Each structure stands twice: as C-alpha cells, then as structure tokens.
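Each chain, written out:
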Amino acid sequence: MLVIHTARELTQAASSLGRTAGLGGVLVPTMGALHDGHAALIRRAAELTGPRGVCAVSIFVNPTQFNDRTDFARYPRTLEADIAICIAAGANAIFAPDVATMYPSPEAAPVPPLPAAATQPGLEDAHRPGHFAGVCQVVLRLVRLLESAQAIFGEKDWQQLRVVTAMSHEQRLPIKIVPHPTLRDPDGLAMSSRNRFLSTDERAAALAIPAALRAASVERDPDRAERAMRDTLAGSALAVEYAVIRDADTLVGPPRNGRGRALIAARSGRTRLIDNAAWPA
Ligand code: AMP
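Conventions adopted
- Residues numbered from 1 in each chain as written.
- Predicted model: local features only at pLDDT ≥ 70, side-chain atom pairs only at ≥ 80, totals over all residues.
- Heavy atoms only, no water.
- Near = heavy atom within 4 Å.
- Polar contact = N/O pair within 3.5 Å; in protein donor to acceptor, adjacent residues only side chain to side chain.
- Areas by Shrake-Rupley, 256 points an atom, 1.4 Å probe, with all protein chains shown as cover.
- Helix = DSSP H or I, 4+ residues; strand = E, 2+ residues; numbered from the N terminus.
- Nonpolar A, V, L, I, M, F, W, Y, C, P; charged D, E, K, R; others polar.
- Expected span 1.5 Å × (residues − 1).
- Buried < 20%, exposed > 50% of the residue type's maximum accessible area, 1.4 Å probe, protein only.
- Arc of directions from axis to C-beta.
- Contact = heavy atoms within 4.5 Å.
- Salt bridge = Lys/Arg side-chain N within 4 Å of Asp/Glu carboxyl O.
- 1 Å grid on protein atoms, 1.4 Å probe; cavity = no way out; pocket = protein on both sides within 12 Å on 5 of 7 lines; lining within 4 Å.
- Points joined across faces, edges and corners; volume = space filled by probe spheres on them.
- Axes fitted to C-alpha atoms, helices over the stretch in contact; angles between N-to-C directions.
- Parallel < 35°, antiparallel > 145°, perpendicular 65-115°, else oblique.
- Left-handed = near helix turned anticlockwise from the far one by under 90°.

Every one of the 16 residues lining the ligand counts as a neighbour, but Met31, Gly154, Asp157, Leu183 and Met191 are closest to it. Backbone polar atom of Leu183 to a nitrogen atom of the ligand: 2.8 Å apart, as the coordinates give it. In isolation the ligand offers 480 Å² of accessible surface; the protein chains occlude 92% of this area. Breaking the shell around the ligand down by element, the ones donating at least two residues are β2 (26-30), α2 (36-49) and β5 (150-154). A class-by-class count of the residues in the shell around the ligand yields 8 nonpolar, 6 polar and 2 charged.

The next subject is helix α11 (residues 222-234). With 13 residues, α11 extends 18 Å from end C-alpha to end C-alpha; this agrees with the ideal 18 Å at 1.5 Å per step. For α11, every residue scored as buried is listed here: Pro222, Ala225, Glu226, Ala228, Met229 and Leu233. Take α11 and look down its axis: the buried residues cluster within an arc of 155 degrees, on one side only. Facing away from the buried side of α11, by more than 90 degrees, are the exposed residues Asp231 and Ala234. Elements in contact with the buried residues of α11: α10 (208-217), β7 (239-247), β8 (260-268) and β9 (271-279). The opening residue of α11, the one whose side-chain oxygen lies 3.1 Å from the backbone nitrogen of Asp223, is Asp221.

All right, on to the pattern of salt bridges then. Throughout the structure, instances matching the rule amount to 14 salt bridges. In this structure, the salt-bridge partner of Asp249 is Arg162, at a minimum N-O distance of 3.6 Å. Placement of Asp249 in the loop between β7 and β8 and of Arg162 in helix α8 (residues 158-170) is noted, with a sequence separation of 87 residues between them. The exposure class of Asp249 is partly exposed, given its relative accessible area of 36%. Under the relative-accessibility criterion, Arg162 is labelled buried at 19%. A salt bridge links Asp187 to Arg203, with the shortest nitrogen-to-oxygen separation between them at 2.7 Å. Within this pair, whereas Asp187 is found in the loop between β6 (176-180) and α9 (200-206), its partner Arg203 is found in helix α9, the two being separated by 16 residues in sequence. A cluster of three or more residues bridged by salt bridges with shared partners is formed by Glu124, Glu241, Arg267 and Arg272.

Applying the stated criterion across every chain yields a total of 2 cavities of 30 Å³ or more. Its volume calculated, the largest cavity comes out at about 870 Å³. Looking at the largest cavity, it is lined by 46 residues, and the ones nearest its centre are Met31, His38, Lys156, Asp157 and Gln160. Looking at which element gives the most residues to the lining of the largest cavity, the answer is helix α7 (residues 131-146), with 6 residues. Among the residues making up the lining of the largest cavity, the classes are represented as 21 nonpolar, 16 polar and 9 charged. The computed volume of the second largest cavity comes to approximately 60 Å³. Lining the second largest cavity are Lys156, Leu189, Ala190, Ser192, Asn195, Ile209, Leu273, Ile274 and Asp275.

A cis amide bond, omega -10 degrees, links Gly253 with the succeeding residue Pro254. On the secondary structure map, Pro254 appears in the loop between β7 and β8. Despite not being glycine, Glu147 has its phi angle at roughly 55 degrees, a positive value. Mapped onto the elements of the fold, Glu147 is located in the loop between α7 and β5. According to the relative accessible area criterion, Glu147 is partly exposed, its value standing at 38%. One non-glycine residue, Arg172, lies in positive phi territory at about 50 degrees. Within the secondary structure, Arg172 sits in the loop between α8 and β6.

This part is about the packing of α2 against helix α4 (residues 79-89). For the pair α2 and α4, interaxial distance at closest approach is 8 Å and the crossing angle is 40 degrees. Judged by the angle between their axes, α2 and α4 are oblique. Here α2 runs over α4; the crossing is right-handed. Packed against α2, whose contacting residues are Ala39, Ile42, Arg43 and Ala46, the element α4 presents Ile85, Cys86 and Ala89 at the interface.

What follows is the structure in structure tokens.
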C-alpha cells in the first residue's frame, strides 16, 4: 500500500510507476471517516482498475467546501482506521495530502466556472453557499495531480455527482466520472460519516428521510410527491431545509418528461443529513 502525503512523495510514486506525473488508474475521492458506503466504492474501483493498475483513495477534509467552521472543525478524522478499510476493500494507494500540498498557491488550484447544476435555487447552494466552488476546486486539483483515468462518486451526494460530471464535460477533463448507488443501513438510513454524531433519538428521527423518499416514489405527480415528502417529514423532529422533486440531470424542476430525482436535506439535532432517490421509483 502506497501512502502519499506530499507532492514530493507523489512525484516519487509516479516515477516508481514509470510515469512522469500522477498515479493514473481509478480514484475514489473522499474526506475520510470511511464507512461501508465508501468501501463499496473502493471495491468497485478495484474491479475497474484490474490487477496491475492503481486503485487510489484520496482522503482530504477540504476546507474550501465548508462554509461552517464548526462543521469543518468537528468533521471526523480517522486516518489509521481509514487505511485499514482501504486495504480491505482492495485499494493499493492512498493520497492523504495536507492543505499546503493541495493549495500551494491560488494559481495551482483555480476554482473553475461553476456548472449550472451547482446553483439551482432551493438546493445545496441556498443552504451551503460556496460549497460547490470548493468541491469543483478540490476535484479539479485532484484530477490534475493524480491524472486518474476514472473517478467514482456516490449517488448519495446526487447534486455533487451532477456538478462534477458537468464540470468534467465543460472543462474537457481527461477523466471518466463513474456513479455508484447509495449504500444504506438495514433500517434505510443512508450511510454517512456524519451519522456517528447522531444520538439514538436523532437517528430515529432521521429515518423520516428515507421514509419521505419512499412516500414520494409512489406518487406520479411531482406536486403530490413533494407534498408526500413534506407530510412525512412534518411528523418528525427534523428541521427540513428542502424536500423537492427535480430533473435528475439538470436539477431544474420539476422534470417534464425525463428522469426525476427526489432530494432532501434536513438537520437532526446539530447534524445535517442529505439523501435522494430516483423519482418516480
Ligand atoms: P465523503 O467522504 O462523504 O465526501 O464521500 C466520498 C464519496 O463517497 C462521495 O462520492 C460520496 O457520494 C460517496 N458516499 C458517501 N456515502 C455514501 C453512501 N452511503 N453510499 C454510496 N456512496 C457514498
């Protein structure tokens, strides 16, 4: 297992692979605090990589995508446990840089133009302004540093998946963005690094999120589906930020003919949770 922290170590690793720069292969970008959802992405990456390629996991709690300093400060950092999960899931390289390696200068890590999906009203940008500028910045930097041929992103962060896919097309990045379905706990809650912050009561309340997605999925009309989500969430202790039906690709809503997506963001206590599902089912 290659564990790379600095630009110098990355250059050494590249030359040991017979490359002038980067690692090539398949990348799973993460912020660490890995769980079984991440492990599924890594296993998929290892399959796509094949026996001789590089299956890399990046672990970087990216400060530029947090608009809340407290959230950034309390984000779990569990590198030793993460390394064990990466090995078990079949990764053979970990890129865990510090901030100076990722952001040595503004020129080295530009913020690309934001795809339209990033700023659709009523979604993440309304509640986390600047979040997707930070996401696009870090993904572009990772792509340029690591020169991965493919990167796997979870559907759990649906808007992020759409934004990164659009950015890679708009910026003509030499990388294929591969989506992966959401992993859930047996009770239906989407796995998340933030779930560890939930008390027993907060976790029980959070189950209204998958319940609302299920309630929406059986409604054929978008207004009725949104009402079904709101009704389900209203009976819970959650503070809802949005619960909407949008076009699955553009995130403009509601969908006219094509595929739709039901998207929810809500707080359970101090913990912000997001989830989504295909609509209609
Ligand atoms: P994060 O470390 O939370 O930024 O997530 C890293 C990657 O793992 C992102 O592409 C997420 O969408 C993905 N991911 C997080 N949770 C899950 C999950 N429960 N199922 C599938 N993918 C996930």
